[in-house]
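Summary of structural features
These are the residues of each chain, in order.
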Amino acid sequence: MKVLLVEDNERVAQFVCKGLSEEGHAVDHADNGRDGLYLAATGQYDALVLDRMLPGSIDGLGIVESLRRTGSKTPILILSALAEVDDRIRGLRAGGDDYLTKPFAFGELLARLEALVRRGHGPTIQTVLIVGDLRIDLLSHKVVRGGRPIQLQRREFKLLEYLMRHAGQVVTRTMLLENVWEHHFDPQTNVIDVHVSRLRQKIDAGFEPALLHTVRGVGYRLGGDA
Amino acid sequence: MLRLLRSTSVRLALGFATLFVASSLLLVGVLWWGTAEYLARETDAVISADTQGIRDDVTLGGAAAAAETIAIRAGQSPDGRAIYLMAGKDLHAMGGNLMTWPYNVPVKDGWYLRPLDRGDTTRLMRFRVSDLPEGLHLLVGRDVQDRTEIRSLIVASLGWAATAAFVIAILGGLLVRRAVLRRVEIINRAATAIVQGDLSRRLPTRDTSDEFDQLAQTINLMLRQIERLIEGVRNTSNAVAHDLRTPLAELRARLEGIIRNEERREQPGNNPVVDEIHQAVADIDRLIGVFNALLRLSEIDSGMRRSGFRAVALAEITTEVAELYGPLIEERGIDFVVDVPEDLAVSGDPFLLAEAVGNLVDNAAKYTPKGGTISVAVRLVDESHTDIIVADTGPGIDASEKSSVTARFYRGRAADGIGGVGLGLSVVEAVARLHGGALELADNAPGLVATLRIATKLPPAPAGASPELAASGIAAI
């Protein structure tokens, strides 16, 4: 994918650019709001990564608002050193699609970017999701793997649905907490891991190959190659 | 009654009434002295003058001269308003317009007020009896019937006037009280809204420059000052957040870059340097966690989040937290009991409440040994308070430690060897305070009962709350 990064901190920008290119993505970089807005408005990007605080007259939120006013639907991930809930809400209300607080792990950024871009492309209305021989019906809440029905609880179903919607991508624990449980605080304990391992017990035990993978230091991935 | 007396406005009204009545009484007294008493003094002066004149006549010209004077004087008062009687030793009349000495007037020097039969009527008379030389007795009197009637008329009207004054005073006092109360109530309402986090609100002022207006203006000045200070603190913490997060982000980026480079070159997991760097990154993340928790605490403590309060179904929140932690708790071999009635709702911030309950359950999960029990319950205490109770059978908190566990960075003795930075309970307590309640820690024998008490209904948020903050209730951020 082609990504525009607007970030004034040289080292962070370099780190993100390098990481994204190593993952095989094309990255353009602007270090101020004016250039960033110009590039965003004229170039074709799959996603934008904007720092919220930028030098000059236009900050990250200004870019988001300008772009949304012109009807652009490019997914936007806002980076910010402001972590208060209200700041987050302001960022999302301005038209951002996701909000990541600095400092962040590169894996987190990458996972969120890929999720955003995928969301932009995929068909919006799906009633059946299929990964390998695992198939879930969103209407009847039925889960079948290899012809065998699997009983899932409500929350397990929601977790599996989220993983299947992002099949082949890495999803982080924070993404799961925010999207499946809608919580916005840091649990001190490994609650998410326990949920995932329960789900794994149900969908992977007794089947080959294993579908739910742990990605070291980042999170989980359903399907895709090991 | 005592409670009523404690009210400043009631005391003010009573004071006002008392002062009003006192000044009315003073006015009435002066009036009385100037009218009724004046009449009485006049009469007495005339009687004294008459008596003196007749006495002088007796001294100078003997009884005959006196009798003559008396005859003249009596002749001047044909209607019998003036009474004269000069009597000898045996009280036989020697002159005057009265035939006999009145039976009810003693023959003794002095002033007397007696009724006197005058043919068909009885009139009230003022008499002066005096002993004259040569053993004579003189009685000089004046009809004071009319004067007495006027006097009682004056007394009656003064009485009515005083009563009316008292009633007016009470009414006036009540009016004053109401006027004062209204102004105080206006100030009170505005101040309540401000306490609830709407710092942009100001007390209404009129252009009257009266004391209340001056008070309101002073308070408004104070509020502007507070707002500036809070804005300053906010800016500072934002700046600190930015200035600290940015180098941390740089540092983290640099370390992660090294890891990525190293892992690209060789198989992960067999380079001790990379493991060390992984550890350093974890340390940075922990530091960021502390940092976030501190910023969060100051955000909660500022009370600004109150303007985003809305109706929160406690069942939903506690059940969700329970669902999140349930598997973890079961996996640790701990019984998990959730007892939450469906219909309890409070006014609050759903995210903060979820975080507080989450922290309590998180703590319980960390400290409860295998085979123990953790329970989550919601109880309506009374009309205005609801409790969220999280109980465990862990080591509990020592009585000596109870007051310090909510202090920032405090970690109880039982926390040795268990992760955490010691801010969890501080956050819970701050959330409880924000919701008009408190966090209570009690002994579960063994274990801990943490009770998060919240006010069921805070006063409704002011209408002028900033829309941006009010909108922070959107469900999915």
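Residues numbered from 1 in each chain as written. Chains lettered and ligands numbered in written order. Predicted model: local features only at pLDDT ≥ 70, side-chain atom pairs only at ≥ 80, totals over all residues.

Once that is clear, we can look at the overall build of chain B. Within chain B, the regular secondary structure consists of 10 helices and 12 strands. Across the 477 residues in chain B, those meeting the buried criterion constitute 28%. Taking the intrachain contacts of chain B between residues at least 6 apart in sequence as the baseline, contacts between residues at least 24 apart amount to 63%. (Helix = DSSP H or I, 4+ residues; strand = E, 2+ residues; numbered from the N terminus. Buried ≥ 20, exposed ≤ 12 C-beta atoms within 10 Å, placed from the backbone. Contact = placed C-beta atoms within 7 Å.)

The next thing to look at is the overall build of chain A. For chain A, the helix and strand inventory stands at 8 helices and 12 strands. Burial analysis of chain A (226 residues in total) assigns 42% to the buried set. Taking the contacts inside chain A whose residues are at least 6 apart along the sequence as the reference set, 57% of them involve residues at least 24 apart.

Moving on to the sheet that holds strand 1 (residues 2-6) of chain A. Residues and elements named next belong to chain A. Strand order across the open sheet formed by 5 strands is 2-1-3-4-5, with parallel pairing between neighbours. Across the chains shown, the open sheet's two edge strands, defined by having one partner strand only, are strand 2 (26-30) and strand 5 (98-101). Taken over all neighbouring pairs, the strand axes of this sheet differ in orientation by 20° on average, direction set aside. The sheet contact formed by strand 1 and strand 3 (residues 47-51) spans 4 bridges and is parallel. Note that in strand 3 the partner of valine 6 across the bridge is leucine 50. Where helix 1 (residues 10-22) meets the sheet, it contacts strand 1, strand 2 and strand 3, and its direction lies at approximately 165° from that of strand 2. Those strands touched by helix 3 (residues 60-69) are strand 1, strand 3 and strand 4 (76-80), and its axis lies near 145° from that of strand 3. (Pairing = 2+ DSSP bridges. Axes fitted to C-alpha atoms, helices over the stretch in contact; angles between N-to-C directions.)

Moving on, we get to the nonpolar core. In globular proteins that are soluble, nonpolar side chains generally tend to be buried together. One finds A:Val49, B:Ala356 and B:Val431 to be the most contacted residues of the largest nonpolar core, which totals 107 residues. The biggest single contributor to this core is helix 8 (residues 350-367) of chain B, with 11 residues. What A:Val49 contacts, discounting residues up to four positions off in sequence, is A:Val3, A:Leu5, A:Val16, A:Leu77, A:Leu79 and A:Leu113. One finds B:Ile47, B:Val58, B:Val129 and B:Leu138 within the second-largest nonpolar core, a separate group that totals 20 residues. (Core = buried A, V, L, I, M, F, W, Y, C linked by C-beta atoms within 7 Å.)

Residues and elements named next belong to chain B. By the element assignment, glutamate 323 lies in helix 7 (residues 314-331). Residue class for glutamate 323 comes out partly exposed when judged on the 16 C-beta atoms lying within 10 Å of it. Each C-alpha atom, one on glutamate 323 and one on valine 338, is 9.9 Å from the other, the two residues being 15 residues apart in sequence.

All names here are of chain A. Across the interface, helix 6 (residues 154-165) lies against helix 8 (residues 191-204) with an axial gap of 10 Å and an inter-helix angle of 85°. Judged on the interaxial angle alone, helix 8 and helix 6 are roughly perpendicular. In this structure, helix 6 uses Glu156, Leu159 and Leu160 to contact helix 8, whose residues at the interface are His195, Arg198, Leu199 and Ile203. Per-class residue counts for the contact of helix 6 with helix 8 are 4 nonpolar, 1 polar and 2 charged. (Parallel < 35°, antiparallel > 145°, perpendicular 65-115°, else oblique. Nonpolar A, V, L, I, M, F, W, Y, C, P; charged D, E, K, R; others polar.)

Walk down a regular strand and you will see the side chains alternate between the two sheet faces. Residue and element names in this part refer to chain A. Of the strand pairs in this sheet, strand 1 and strand 2 are connected by 5 bridges, and their pairing is parallel. Paired with valine 3 across the two strands is valine 27, which belongs to strand 2. After leaving strand 1, the chain enters helix 1 and then returns to the sheet as strand 2, a path that is right-handed. (Right-handed = clockwise from strand over helix to strand, strands pointing away.)

Bringing the confidence of the model for chain B into the picture now. Low pLDDT means the predicted atomic positions in that stretch should not be read closely. All names here are of chain B. Residues with a pLDDT of 70 or more make up 89% of chain B, whose mean pLDDT is 80. Here residues 459-477 scores under 50 on pLDDT; set against residues more than four positions off or in separate chains, the count is 35 contacts. What the predictor reports for the complex is a pTM of 0.63 with an ipTM of 0.78. (pLDDT = per-residue confidence, 0-100.)

Now for helix 1 of chain A. Residue and element names in this part refer to chain A. Between its first and last C-alpha, helix 1 extends 18 Å over 13 residues, near the 18 Å set by a 1.5 Å rise per residue. Listing the buried residues of helix 1 in full gives Val12, Ala13, Phe15, Val16 and Leu20. An end-on view of helix 1 places all buried positions within 160° of arc, on one side of the element. Exposed residues on helix 1 whose side chains face more than 90 degrees from its buried face are Glu10 and Ser21. (Expected span 1.5 Å × (residues − 1). Arc of directions from axis to C-beta.)

Here we take up the interface of chain A and chain B. How big an interface is tends to be expressed through the accessible area that disappears when the partners come together. In this complex, chain A contributes 35 residues to the contact, which on the side of chain B involves 43 residues. Breaking the side of chain A that touches chain B down by element, the ones donating at least two residues are helix 1, helix 4 (85-93) and helix 8 of chain A. Looking at the side of chain A that touches chain B, the element that brings in the most residues is helix 4 of chain A, giving 6 residues. Looking at the side of chain A that touches chain B residue by residue, the class counts come to 17 nonpolar, 7 polar and 11 charged.

Turning next to the sheet that holds strand 7 (residues 335-339) of chain B. All names here are of chain B. As summarised here, the arrangement of the 5 strands in space is 7-9-10-12-11, forming an open sheet in which the pairing is mixed. Lying at the two open borders of the sheet, with one neighbouring strand each, are strand 7 and strand 11 (438-443). Neighbour-to-neighbour, the strand axes of the sheet open up by a mean angle of 20°, direction not taken into account. With 5 bridges joining them, strand 7 and strand 9 (residues 373-382) adopt parallel strand pairing. Directly across from aspartate 335, in strand 9, lies its bridge partner threonine 373.

This part is about the pairing of strand 5 (residues 136-143) of chain B. All names here are of chain B. Within strand 5, 7 of the 8 residues are buried, which leaves it mostly tucked inside the rest of the structure. When strand 4 (residues 121-132) meets strand 5, the two strands line up antiparallel, connected through 8 bridges. Bridge assignment links phenylalanine 127 to a residue of strand 5, and that residue is glycine 141. The hairpin formed by strand 4 and strand 5 contains 3 residues between the paired strands, and glutamate 134 there has a positive phi angle of roughly 65°.

Turning next to the environment of B:Asp362. All names here are of chain B. Note on placement: aspartate 362 falls in helix 8. Its 24 C-beta neighbours within 10 Å are what place aspartate 362 among the buried residues. With 37 residues separating them along the chain, aspartate 362 and tyrosine 325 place their C-alpha atoms 7.6 Å apart.

Residues and elements named next belong to chain B. Where helix 7 meets helix 8, the closest approach of the two axes is 9 Å, and the angle between their N-to-C directions is 30°. One finds that helix 7 runs roughly parallel with respect to helix 8. Classified by chirality, the crossing of helix 8 by helix 7 is right-handed. Facing helix 7, whose interface residues are Ile317, Thr318, Glu320, Val321, Tyr325, Leu328 and Ile329, helix 8 presents Pro350, Leu353, Ala354, Val357, Gly358, Val361 and Ala365. Residue classes in the contact of helix 7 with helix 8 are distributed as 11 nonpolar, 2 polar and 1 charged. (Left-handed = near helix turned anticlockwise from the far one by under 90°.)

What follows concerns helix 4 (residues 145-195) of chain B. Relative to the 75 Å expected for 51 residues at 1.5 Å per residue, helix 4 of chain B spans 73 Å between its end C-alpha atoms, a close match to the ideal helical length. Every buried residue of helix 4 of chain B is accounted for by B:Ala165, B:Ala169, B:Gly173, B:Ala190, B:Ala193 and B:Ile194.

The next point concerns unusual backbone geometry. All names here are of chain A. Cis geometry marks the peptide bond from lysine 102 to proline 103; its omega dihedral reads -10°. As for its placement among the helices and strands, proline 103 is situated in the loop between strand 5 and helix 5 (106-121). Here the bond from glutamate 208 into proline 209 is cis, since omega is -10°, no more than 30 degrees from zero. In this structure, proline 209 sits in the loop between helix 8 and strand 11 (212-215). At histidine 141, a residue that is not glycine, the phi angle is positive and equals roughly 60°. If you trace the backbone, histidine 141 turns up in the loop between strand 7 (134-137) and strand 8 (142-145).

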